[in-house]
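Per-entry structural report
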Amino acid sequence: MKNPRITVTTLRKMKREGEKITMLTAYDAGFARVLDQQGIDIILVGDSLGMVIQGHETTVPVTMDEMVYHTKLVSRVAQHALVLGDLPFMSYTSPEMALRNSTRLMQEGGAHMVKLEGGAPQVNTVAQLAHYGVPVCAHLGLQPQSVHKLGGYRVQGRDDSTAKQILADAIALQNAGADMLVLECVPTTLAQEITQTVTIPVIGIGAGVNCDGQVLVLHDMLGISAHAPKFSRNFMVGGATIPDAIKAYNDAVKQGTFPSAEHWFV
Ligand code: KIV
């Protein structure tokens, strides 16, 4: 029987039943097909493509046209995975602009859900998108599009007041209608508290093993990035083929053996 498409309903059920959700990035049809065949639940067409595909130092230069193009390549072949498309830097500075650009990601790109970075300032935008039937994944903790404002890629939420703010933002975004949350580079105890507090699935990256699922940048876990972060693991070690490495990642997340203590922050 054909493997049915993962939907927002599937993801909520997985959270309720404690089944870990697997997510990886892909930016083209070839890799998207491999991820789909190996059972990855969500393919993120991330604006990380600015770094790993285009060779930029940050995600800031990525444009809306580029995101639409890469999302189209992925959605053309993904049969099982939910396709999540990133809204790039400055493409959602008002609810109207977010609606216009989400329409492009979904109609031209074929995305099933869109992702945007930001907490309280994005609550109105998320509410508008939800109102018009756009599934939204919010992104809290380290927000790479703000790297120049942050002064570098740093763990977020280490002190009491920022931890409380991230938790409050997660609740506000959920109440505004967000369907999922990516939590990047926050202490493992904070990630656990947020995951237990909200009812939407929480996908961690550098956020410990207690999230509802995990995401990595494909090039990091294949060991071909210029600088793989501490929270990633090279799943090619041991001489695996690329499909084997993707399967090993999928199995490790589902079984709760990735990430381990060396990949998270306290
Ligand atoms: O763009 C991306 O790949 C991302 C992940 C780091 C979550 O947003």
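Structural notes, computed from the coordinates. Just so it is clear, the structure is predicted and the values come from calculations on it, not from any experiment. (Residues numbered from 1 in each chain as written. Predicted model: local features only at pLDDT ≥ 70, side-chain atom pairs only at ≥ 80, totals over all residues. Heavy atoms only, no water.)

**Some remarks on the overall build of the protein**
- When helices and strands are tallied, the protein shows 11 helices and 8 strands.
- In terms of C-alpha radius of gyration, the protein reaches 17 Å, essentially the compact-globule figure of 18 Å for 266 residues.
- Counting only C-alpha atoms and orienting by the principal axes, one finds that the protein spans roughly 45 × 40 × 40 Å.
- The buried share of the protein, reckoned over its 266 residues, is 55%.
- Here the analysis covers contacts within the protein between residues at least 6 apart in sequence; of these, 64% occur between residues at least 24 apart.
- Total accessible area computed for the protein in this model is approximately 11,300 Å², and 53% of it derives from carbon and sulfur atoms.
- Averaging the locations of the 21 positively and 24 negatively charged side chains of the protein gives two centres separated by 3 Å. (Helix = DSSP H or I, 4+ residues; strand = E, 2+ residues; numbered from the N terminus. Rg over C-alpha atoms; globule rule 2.2 N^0.38 Å. Buried < 20%, exposed > 50% of the residue type's maximum accessible area, 1.4 Å probe, protein only. Contact = heavy atoms within 4.5 Å. Areas by Shrake-Rupley, 256 points an atom, 1.4 Å probe, with all protein chains shown as cover. Lys, Arg positive; Asp, Glu negative; His and termini not counted. Charge placed at Lys NZ, Arg CZ, Asp CG, Glu CD.)

**What to know about helix α9 (residues 188-197)**
- For α9, the full list of buried residues reads T188, L190, A191, I194 and T195. Taken end-on, α9 shows its buried residues confined to a sector of 160°, consistent with a single buried face. Away from the buried face of α9 by more than 90 degrees, exposed residues T189 and Q196 are located.
- Tucked inside the fold, the buried residues of α9 contact α1 (8-17), α8 (160-176), β6 (180-184) and β7 (202-205). (Arc of directions from axis to C-beta.)

**Some points on the side chain of D220**
- Its place among the elements puts D220 in helix α10 (residues 218-221).
- Apart from residues lying up to four places away in sequence, D220 is in contact with S225, H227, A228, P229, S232, R233 and N234.

**Re the site of the ligand**
- In the region of the ligand, the neighbouring residues are T25, L44, G46, D47, S48, D86, K115, H139, E184, I205 and V217.
- In the environment of the ligand, an oxygen atom lies 3.0 Å from a nitrogen or oxygen atom belonging to the side chain of D47.
- Interatomic distance of 2.5 Å between a side-chain N/O atom of S48 and an oxygen atom of the ligand.
- Taking 260 Å² as the accessible area of the ligand by itself, protein coverage stands at 96%.
- When its residues are assigned to classes, the shell around the ligand shows 3 nonpolar, 4 polar and 4 charged. (Near = heavy atom within 4 Å. Polar contact = N/O pair within 3.5 Å; in protein donor to acceptor, adjacent residues only side chain to side chain. Nonpolar A, V, L, I, M, F, W, Y, C, P; charged D, E, K, R; others polar.)

**Structural notes on the sheet that holds strand β8 (residues 213-216)**
- Taking strand neighbours around the barrel as the criterion, the 8 strands line up as β1-β2-β3-β4-β5-β6-β7-β8 in a closed arrangement whose pairing is parallel. Taken over all neighbouring pairs, the strand axes of this sheet differ in orientation by 25° on average, direction set aside.
- Examined bridge by bridge, strand β3 (residues 82-86) and strand β4 (residues 113-117) share 3 bridges and lie parallel to one another. The residue of β4 that forms the bridge with L84 is M113. (Pairing = 2+ DSSP bridges. Axes fitted to C-alpha atoms, helices over the stretch in contact; angles between N-to-C directions.)

**Here we look at the environment of S94**
- Secondary-structure assignment places S94 in the loop between β3 and α5 (95-107).
- Residues S94 and K247 lie 153 residues apart in sequence; the distance between their C-alpha atoms is 39 Å.

**What about the nonpolar core?**
- Ranked by size, the top nonpolar core spans 83 residues in total, and within it L183 and I194 carry the most contacts.
- Among the elements that take part in this core, α8 stands out by supplying 6 residues, more than any other.
- Residues within four places of I194 in sequence aside, it is in contact with I166, L167, A170, L181, L183 and V202. (Core = buried A, V, L, I, M, F, W, Y, C linked by side-chain atoms within 4.5 Å.)

**Thoughts on the environment of R5**
- Examined against the element boundaries, R5 turns out to sit in the segment before α1.
- Remark: the alpha-carbon pair of R5 and L82, spanning 77 residues in sequence, is separated by 6.7 Å.
- Look past the residues within four positions of R5 in its chain and what remains in contact with it is T10, A78, Q79, H80, A81 and H112.
- Within the structure, the side chain of R5 is placed 3.0 Å from the backbone oxygen of A78, a separation counted as a polar contact.
- A polar atom in the side chain of R5 sits 2.8 Å from the backbone oxygen of A81.

**A short note on the packing of aromatic side chains**
- Overall, the coordinates contain 3 aromatic pairs when judged by the stated rule.
- Relative to Y249, the ring of F235 lies with its centre 5.5 Å away and its plane at 85°, an arrangement referred to as edge-to-face. With a gap of 14 residues between them, F235 in the loop between α10 and α11 (242-255) and Y249 in helix α11 connect regions that are remote in the sequence.
- The class of F235 is buried, set by a relative accessible area of 7%.
- Assessed through its relative accessible area of 0%, Y249 is described here as buried.
- Taken together, F235, Y249 and F258 form an aromatic cluster joined through their ring pairs. (Phe/Tyr/Trp six-rings, centres within 6.5 Å; stacked < 30°, edge-to-face > 60°.)

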